[in-house]
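# Structural features, examined
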Amino acid sequence: ALLVACNNTATPYKFDQTNSNMKFNLSALSLFIGIFLISCQSSKLKKEAEIKTKDFFSVLKEGDEKKLVTIYPDFDKFDTYFKSDSARINSSSEKNGLVTVSVHNRYTNGYGKVTEKDILLFFKKDSTQQLKLIDSKGLSGFDEKDDYIFGISTGCINKNTDTTDQQILKAIQRAKIVMLDKAVDVYLELKSQIKVVSWSWESGYSGSASGKGIVKNSSTFSVPSLKYKITYKNNNGEEITNDDGYVDYDPIEAGESKSFTFYTSYVGNATRATIDLTFDEDLIYKYLAKKEWTGKECDEYFKQHPEKLKEL
């Protein structure tokens, strides 16, 4: 007798090799048993993955990020992620030990906006034969991120192969390395092409100061939320105080000039001042994201700097 076990139950299957009327020969029976055992194992893996999926979304609903990392070790790599009010398992499948669970997630934010989307979770056994959540798809959004847009444009991210969350995050790390290299050139470019072409200021009541100026954008880039910084000094050129603000919250389009005014509540006995435009990291990254690229920049960079791949 041969015992075939599944889900902790056993069914005896008896055969007599000498019986001329037996329905299966030995090889056919072995094949049947093999398929049955594989199917049985697959079923167990899927059930276990579904239980872990329910646990994950239950903790996601609670918003306990530390506990989420214990369930999904790479969860801490996300800058942002979709939250959950309720989740329903659509289906689960298994192939070569990898279990994929499809979940329909729903979340309503504080303004009443409802977001519904399908999220995939991927499970696989680790070296200790424990089933672990190793990857996901759709748990985080990347489309509007500057480093993702830059990565697509420069070839650091391949939409055909970098499809899961962790694959995309790894590709974004490549993109960030290239972005950092390009950022210095972009800063110098913006600094030389976007300038305060005229400005003036005067002392006011109780030590205050006010003034106006004009910024000219000679670049090909639409500049959002451009900032300025004014440094007030005494007769000896020593700094008394400084102040900053926005030239305009709206974008200054390529080729456009924009006037602005400013007010500083106290500048002491300042007799002179200097003004500079501030091109912060966010502004530079937005420029890089919107700039036109050939799609070969990523490969070209890492060919010239193969040692940088070790940083990934």
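Provided above is the structure to which this section pertains.
Below: a short report on this structure. Owing to the predicted nature of the structure, the values given are computational and were not obtained by experimental measurement.

Moving on: the overall build of the protein chain. For the protein chain, the count of helices and strands is six helices and twelve strands. Intrachain contacts of the protein chain at a sequence separation of at least 6 include 61% that bridge at least 24 residues. A total of about 19100 Å² of accessible surface is found on the protein chain, and carbon and sulfur atoms cover 49% of it.

For strand 4 (residues 98-108) and strand 5 (residues 114-125), the ladder comprises ten bridges, and the chain directions are antiparallel. Bridge assignment links Tyr 107 to a residue of strand 5, and that residue is Thr 115. Counted along the chain from strand 4 to the antiparallel partner strand 5, the turn is five residues long, and its residue Gly 112 has a positive phi close to 90°. The sheet contact formed by strand 5 and strand 6 (residues 131-137) spans six bridges and is antiparallel. For Leu 120, the partnering residue across the bridge sits in strand 6 and is Lys 137.

Attention now goes to the pairing of strand 7 (residues 194-203). Note that strand 7 and strand 8 (residues 209-217) share nine bridges and pair antiparallel. Across the sheet, the residue bridging to Glu 202 is Ser 210, located in strand 8. What sits between the antiparallel neighbours strand 7 and strand 8 is a turn of five residues, in which Ser 206 has the positive phi angle 55°.

A few words on the packing of helix 3 (residues 146-154) against helix 5 (residues 281-290). Axis angle and axis distance: for two packed helices, these are the angle between their axes and the distance between the axes, and together they describe the pair. It is at 8 Å that the axes of helix 3 and helix 5 come closest, and there the two elements cross at 30°. When the axis of helix 3 is compared with that of helix 5, the two are roughly parallel. Helix-helix and strand crossings are classified by hand; for helix 3 and helix 5 the assignment is left-handed. Residues Asp 146, Ile 149, Phe 150 and Ser 153 of helix 3 pack against Asp 282, Tyr 285, Lys 286, Leu 288 and Ala 289 of helix 5. By residue class, the composition of the contact of helix 3 with helix 5 is five nonpolar, one polar and three charged.

Let us now look at the environment of Glu 292. Relative to the helices and strands, Glu 292 resides in the loop between helix 5 and helix 6 (297-304). Overall, Glu 292 belongs to the exposed group, its relative accessible area being 76%. In this structure the C-alpha to C-alpha distance between Glu 292 and Ser 153, which are 139 residues apart in sequence, comes to 7.4 Å.

Turning to helix 6, its buried residues number three or more, namely Glu 297, Cys 298, Tyr 301 and Phe 302. Along the long axis of helix 6, the arc covered by the buried residues comes to 120°, so they all point the same way. Those residues of helix 6 that are exposed and angled more than 90 degrees off the buried face are Asp 299, Lys 303 and Gln 304. Residues of helix 6 that are buried sit in contact with helix 3 and helix 4 (165-193).

Another point: a nonpolar patch on the surface. Taken together, the side chains of Val 184, Tyr 187 and Leu 188 make up a nonpolar region of the molecular surface, amounting to roughly 280 Å² of accessible area. As for its position among the elements, Leu 188 is in helix 4.

The rules behind the values
- Residues numbered from 1 in each chain as written.
- Predicted model: local features only at pLDDT ≥ 70, side-chain atom pairs only at ≥ 80, totals over all residues.
- Heavy atoms only, no water.
- Helix = DSSP H or I, 4+ residues; strand = E, 2+ residues; numbered from the N terminus.
- Contact = heavy atoms within 4.5 Å.
- Areas by Shrake-Rupley, 256 points an atom, 1.4 Å probe, with all protein chains shown as cover.
- Pairing = 2+ DSSP bridges.
- Axes fitted to C-alpha atoms, helices over the stretch in contact; angles between N-to-C directions.
- Parallel < 35°, antiparallel > 145°, perpendicular 65-115°, else oblique.
- Left-handed = near helix turned anticlockwise from the far one by under 90°.
- Nonpolar A, V, L, I, M, F, W, Y, C, P; charged D, E, K, R; others polar.
- Buried < 20%, exposed > 50% of the residue type's maximum accessible area, 1.4 Å probe, protein only.
- Arc of directions from axis to C-beta.
- Patch = residues over 30% accessible without salt bridge, like charges linked within 9 Å, V, L, I, M, F, W, Y side chains within 5 Å.
- Salt bridge = Lys/Arg side-chain N within 4 Å of Asp/Glu carboxyl O.

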